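# Close look at the chain arrangement
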Amino acid sequence: TQLLEQSPQFLSIQEGENLTVYCNSSSVFSSLQWYRQEPGEGPVLLVTVVTGGEVKKLKRLTFQFGDARKDSSLHITAAQPGDTGLYLCAGVQGAQKLVFGQGTRLTINP
Amino acid sequence: EPEVTQTPSHQVTQMGQEVILRCVPISNHLYFYWYRQILGQKVEFLVSFYNNEISEKSEIFDDQFSVERPDGSNFTLKIRSTKLEDSAMYFCASNRQGTNEKLFFGSGTQLSVL
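Residues numbered from 1 in each chain as written. Chains lettered and ligands numbered in written order. Predicted model: local features only at pLDDT ≥ 70, side-chain atom pairs only at ≥ 80, totals over all residues. Heavy atoms only, no water.

Turning to the overall build of chain A, a few remarks are in order. Within chain A, the regular secondary structure consists of zero helices and 11 strands. In terms of overall size, chain A behaves like a compact globule, its C-alpha atoms giving a radius of gyration of 13 Å where 110 residues would be expected to give roughly 13 Å. Across its three principal directions, the C-alpha atoms of chain A cover 40 × 30 × 20 Å. Within chain A, the proportion of its 110 residues that are buried is 49%. With the model as given, the accessible surface of chain A reaches about 4900 Å², and the carbon-plus-sulfur share is 52%. Charge centroids of chain A, computed over 9 positive and 9 negative side chains, lie 6 Å from each other. (Helix = DSSP H or I, 4+ residues; strand = E, 2+ residues; numbered from the N terminus. Rg over C-alpha atoms; globule rule 2.2 N^0.38 Å. Buried < 20%, exposed > 50% of the residue type's maximum accessible area, 1.4 Å probe, protein only. Areas by Shrake-Rupley, 256 points an atom, 1.4 Å probe, with all protein chains shown as cover. Lys, Arg positive; Asp, Glu negative; His and termini not counted. Charge placed at Lys NZ, Arg CZ, Asp CG, Glu CD.)

Another aspect to go through is the overall build of chain B. Helices and strands together make up the secondary structure of chain B, namely zero helices and 11 strands. Listing the helices and strands of chain B from first to last along the sequence gives β-β-β-β-β-β-β-β-β-β-β. Taking 114 residues into account, the globule formula puts the C-alpha radius of gyration at 13 Å, and chain B, at 13 Å, falls close to it. When the backbone C-alpha atoms are referred to their principal axes, chain B occupies close to 35 × 25 × 25 Å. Counting only residues that meet the buried cut, chain B has 46% of its 114 residues in that class. Within chain B, contacts between residues at least 6 apart in sequence are counted, and of these 54% link residues at least 24 apart. With the model as given, the accessible surface of chain B reaches about 5800 Å², and the carbon-plus-sulfur share is 45%. A gap of 1 Å separates the mean positions of the 10 positive and 14 negative side-chain charges of chain B. (Contact = heavy atoms within 4.5 Å.)

Residue and element names in this part refer to chain A. Taken together, five strands build an open sheet; the order of strands is β1-β3-β8-β7-β6 and the sheet is antiparallel. The outermost strands of the open sheet, each flanked by one partner alone, are β1 (5-7) and β6 (55-58). Direction aside, the axes of adjacent strands within the sheet are offset by 15° on average. Where β6 meets strand β7 (residues 61-65), four bridges bridge the pair, whose relative direction is antiparallel. From the neighbouring strand, L58 faces β7, where its bridge partner is L61. (Pairing = 2+ DSSP bridges. Axes fitted to C-alpha atoms, helices over the stretch in contact; angles between N-to-C directions.)

So, on to the sheet that holds strand β3 (residues 19-24) of chain B. All names here are of chain B. Within the open sheet, the four strands sit side by side as β1-β3-β8-β7. Their pairing is antiparallel. Sheet topology places β1 (5-7) and β7 (65-68) at the edges, where each strand pairs with a single neighbour. Across the sheet, the axes of successive neighbouring strands diverge by a mean angle of 20°, strand direction being ignored. With four bridges connecting them, β7 and strand β8 (residues 75-79) associate as antiparallel partners. Within the sheet, the bridge partner assigned to S66 lies in β8 and is K78.

So, on to the interface of chain B and chain A. Every contact between the two is made by 20 residues of chain B and, on the other side, 22 residues of chain A. Summed over both partners, the interface of chain B with chain A comes to about 1700 Å²; 53% of that surface belongs to carbon and sulfur atoms. Across the contact surface, chain B and chain A share five residue pairs in polar contact (both at pLDDT 80 or more). Counting residues per element, the ones that place at least two in the side of chain B that touches chain A are β4 (31-37), β5 (43-50) and β6 (53-57) of chain B. No other element matches the four residues that β4(B) contributes to the side of chain B that touches chain A. (Buried area = accessible area lost by both parts, 1.4 Å probe. Polar contact = N/O pair within 3.5 Å; in protein donor to acceptor, adjacent residues only side chain to side chain.)

Our next topic: the environment of R96(B). You can see R96(B) is positioned in the loop between β9 (88-95) and β10 (104-105). On a C-alpha basis, the gap between R96(B) and S81(B) in space is 32 Å, while along the polypeptide they are 15 residues apart.

Residue and element names in this part refer to chain A. As defined by bridge partners, strand β4 (residues 32-37) adjoins strand β5 (residues 44-49) across five bridges and the pair is classed as antiparallel. Across the sheet, the residue bridging to Y35 is L45, located in β5. Count of turn residues in the β4/β5 antiparallel hairpin: six residues, of which G40 carries a positive phi of about 75°.

Structural data, given as structure tokens:
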């Protein structure tokens with residue numbers, strides 16, 4: 001089974017700061033997805049990156065897939081308290097399975 | 001937006017008892033999944049289901065687990081004889097075209113085995 005490691009596991013910063021969350025693997029994934037999970041809810045898909053080197057933007061969130069398709073990053077610009085949550089990366093393995101990282105719990109302090 | 005619905009939201013059971021977790025996937029979806037998340041740990045794949053049969057399962061999904069689509073709308077996960085280590089949040093998910101397409105997750109069933 002391919003493994004995904006996320007870092008950091010916990011991050012607490014002030015409103016307005018920038019941050020980057022990393023998702024790394026020694027294996028190649030056909031695509032990689034980023035989810036956000038609120039307490040008591042299931043993960044909700046934010047973005048899927050497919051092509052090596054791909055960059056996708058979702059308002060203040062920028063997602064990048066590494067050239068070798070083994071790693072990805074999520075960068076948040078000018079973080080807001082509403083960005084607080086658990087962010088999960090997940091790699092697509094085969095046709096039917098997602099392999100999840102352990103998550104980054106992000107807290108944005110007003 | 002359509003939702004995946006899971007019931008119950010919480011289930012408490014005694015060790016050794018059978019439990020059935022229920023899910024209603026989104027109506028035009030064809031692929032169905034169960035994932036679980038033990039407290040503080042990663043979300044883990046259990047099983048995928050397509051065309052009325054299991055298409056893939058993980059090593060967690062042993063003989064104690066089974067899935068069924070008893071009618072056109074429900075998708076169930078049965079644990080035959082629960083163990084303490086089965087305590088987890090169980091998520092049902094569905095989509096139309098397999099994993100490369102957006103996966104819709106339900107809100108989960110928190111299973112507590114005492």
